[in-house]
Amino acid sequence: MTIYYRCRHCQLHVGSIQEEQISSEQLGFDHLTGEERHDMITYDSNGDIHVKVICEDCQEALERNPLFHEQETFIQ
């Protein structure tokens with residue numbers, strides 16, 4: 001199983017973890033609400049997990065432009 005982290009805005013591959021046995025607590029998923037999990041995490045049929053995060057560049061853009069928070073994505 002591989003966990004892939006990708007920026008929700010610019011689609012940059014942020015990183016990945018290749019691990020056969022890892023718990024949601026170890027990944028910090030237990031700190032997310034049900035709605036956050038539904039929005040951020042998807043599962044492949046082969047067991048891989050895809051997590052939407054925000055990369056450093058997009059985080060800086062959000063800090064400079066607070067109105068961007070109202071949009072699902074601000075890069076088109």
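Above this note sits the structure.
Thresholds applied
- Residues numbered from 1 in each chain as written.
- Predicted model: local features only at pLDDT ≥ 70, side-chain atom pairs only at ≥ 80, totals over all residues.
- Heavy atoms only, no water.
- Helix = DSSP H or I, 4+ residues; strand = E, 2+ residues; numbered from the N terminus.
- Buried < 20%, exposed > 50% of the residue type's maximum accessible area, 1.4 Å probe, protein only.
- Contact = heavy atoms within 4.5 Å.
- Areas by Shrake-Rupley, 256 points an atom, 1.4 Å probe, with all protein chains shown as cover.
- Lys, Arg positive; Asp, Glu negative; His and termini not counted.
- Charge placed at Lys NZ, Arg CZ, Asp CG, Glu CD.
- Arc of directions from axis to C-beta.
- Pairing = 2+ DSSP bridges.
- Polar contact = N/O pair within 3.5 Å; in protein donor to acceptor, adjacent residues only side chain to side chain.

A. Region of the structure containing the overall build of the protein chain. In terms of helices and strands, the protein chain carries three helices and four strands. When the elements of the protein chain are put in sequence order from the N terminus, they spell out β-β-α-α-β-β-α. By its C-alpha atoms, the protein chain is 40 × 25 × 20 Å across when sized along the principal axes. Burial analysis of the protein chain (76 residues in total) assigns 25% to the buried set. Here the contacts in the protein chain between residues at least 6 apart in sequence split such that 44% fall between residues at least 24 apart. Carbon and sulfur atoms form 48% of the exposed surface of the protein chain, whose accessible area is close to 5,600 Å². Taking the 5 positively charged and 15 negatively charged side chains of the protein chain as two groups, their mean positions are separated by 5 Å.

B. A look at helix 3 (residues 56-64). Among all positions of helix 3, only Cys58, Ala61 and Leu62 are buried. Looking down the long axis of helix 3, one finds its buried residues gathered within 100° of arc, a one-sided arrangement. Facing away from the buried side of helix 3, by more than 90 degrees, are the exposed residues Glu56, Asp57, Glu63 and Arg64. Tucked into the core, helix 3 has its buried residues touching strand 1 (2-7).

C. The arrangement of the pairing of strand 2 (residues 13-18) in detail. Where strand 1 meets strand 2, five bridges bridge the pair, whose relative direction is antiparallel. The partner of arginine 6 across the bridge, within strand 2, is histidine 13. The loop that links strand 1 with its antiparallel partner strand 2 comprises five residues; one of these, glutamine 11, has a positive phi angle of about 70°.

D. Representation of the environment of cysteine 10 in the model. With respect to the helices, strands and loops of the structure, cysteine 10 is situated in the loop between strand 1 and strand 2. Cysteine 10 sits in the partly exposed class, given a relative accessible area of 31%. Linking cysteine 10 and isoleucine 54, residues 44 residues apart in sequence, is a C-alpha distance of 8.6 Å.

E. Representation of the side chain of threonine 2 within the structure. With respect to the helices, strands and loops of the structure, threonine 2 is situated in strand 1. Looking at threonine 2, its side chain comes within polar contact range of the side chain of glutamine 18, at 3.2 Å. Ignoring anything within four residues of it in the chain, the contact list for threonine 2 reads Ser16, Ile17, Gln18, Asp48 and Ile49.

F. Examining the environment of isoleucine 17 more closely. By secondary structure assignment, the location of isoleucine 17 is in strand 2. Considering only alpha carbons, one finds isoleucine 17 and tyrosine 4, 13 residues apart in sequence, at a separation of 6.7 Å. Sequence-distant contacts of isoleucine 17, defined by excluding residues within four places in its chain, comprise Met1, Thr2, Ile3, Tyr5 and Leu27.

Treat this as a map of the structure, not an account of what it does.
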